[in-house]
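This is what each chain is made of:
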Amino acid sequence: MPKINGNEIRPGNVLEHNGGLWAAVKVDHVKPGKGGAFAQVELRNLRNGSKLNERFRSADKVERVRLEQKDQQFLYESDGMLVFMDTETYEQIELPSEILGDRRPFLQDGMTIVVEFHESEALNATLPQKVTCKIAETEPVVKGQTAANSFKPAILENGVKVMVPPFVGQDEDIIVNTETMEYAERA
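Residues numbered from 1 in each chain as written. Predicted model: local features only at pLDDT ≥ 70, side-chain atom pairs only at ≥ 80, totals over all residues. Heavy atoms only, no water.

In the nomenclature of an unreviewed UniProt entry, the chain is known as Elongation factor P of Meridianimarinicoccus aquatilis. Under the heading Sequence similarities (unreviewed entry), UniProt records this for the chain: "Belongs to the elongation factor P family." Listed under Subcellular location (unreviewed entry) in UniProt, the entry text for the chain is "Cytoplasm". (UniProt positions renumbered as here; feature names shortened; annotations may be inferred.)

Colleague: Now, about the sheet that holds strand 10 (residues 112–118): what can you tell me, with residues and values included?
Modeller: One open sheet accounts for 5 strands, arranged 9-8-7-10-11; its pairing is antiparallel. Strand pairing shows two members of the sheet lacking a second neighbour, strand 9 (92–96) and strand 11 (121–126), which therefore form its edges. Taken over all neighbouring pairs, the strand axes of this sheet differ in orientation by 45° on average, direction set aside. As paired strands, strand 7 (residues 68–78) and strand 10 are joined by 6 bridges and run antiparallel to one another. Following the sheet pairing, Gln-69 is matched in strand 10 by Glu-116. (Pairing = 2+ DSSP bridges. Helix = DSSP H or I, 4+ residues; strand = E, 2+ residues; numbered from the N terminus. Axes fitted to C-alpha atoms, helices over the stretch in contact; angles between N-to-C directions.)

Colleague: Which residues make up the sheet that holds strand 5 (residues 51–57), and what values go with them?
Modeller: In spatial order, the strands read 1-6-2-3-4-5; together these 6 strands make up an open sheet with antiparallel pairing. The two strands at the open ends of the sheet, each matched to only one other strand, are strand 1 (3–5) and strand 5. Taking the axes of each pair of neighbouring strands and ignoring which way they run, one obtains an average angle of 50° across the sheet. Two elements, strand 2 (residues 14–17) and strand 3 (residues 20–30), share 4 bridges in a ladder whose sense is antiparallel. Of the residues in strand 3, the one forming a bridge with His-17 is Gly-20.

Colleague: Tell me about unusual backbone geometry, and please be specific about residues and values.
Modeller: A negative phi angle characterises most non-glycine residues, just as the trans form characterises most peptide bonds. Positive phi outside glycine occurs at Asp-79, with the angle close to 50°. Relative accessible area serves as the criterion here: at 80%, Asp-79 is assigned to the exposed category. Here Tyr-90, not a glycine, exhibits a phi torsion of approximately 65°, which is positive. (Buried < 20%, exposed > 50% of the residue type's maximum accessible area, 1.4 Å probe, protein only.)

Structure below.
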């Protein structure tokens, strides 16, 4: 595995540190008036989700880990475990539903997601950036209401609440950004 200097750490990098796998969430480069510069790095453990703040001097060497990304197709859920199939080898794997966090409601049957593996251990799962959802309930469309920044609450079929523009009605399909969990456009 390649070793990198402490000042080369970027957000999103995966590092092997203190015997665990950590993702760099936030990196601040600090140059104090006295002493050498260092990188203040906020790390998140990929196995248990715990957070850690660590300082790396530019002379410090850290192991950078490359994760293998594979496309997996969602098949079904049973007992809190999500069952996925590798689209190339057709092998099935089970992952805990917590791996998706609060984005779990956007997972739909047959959807292809990206799962990141380290050796054979699944560490992270990413949904497609945009997902089509149907509005279960919202206020009725009001004609002539075209104020620039007015949004109204809507509940999607998967139970998630989002803010939508006033022209979107009930039972319409909309596209939701899964990273920000906000309305993106009409489907």
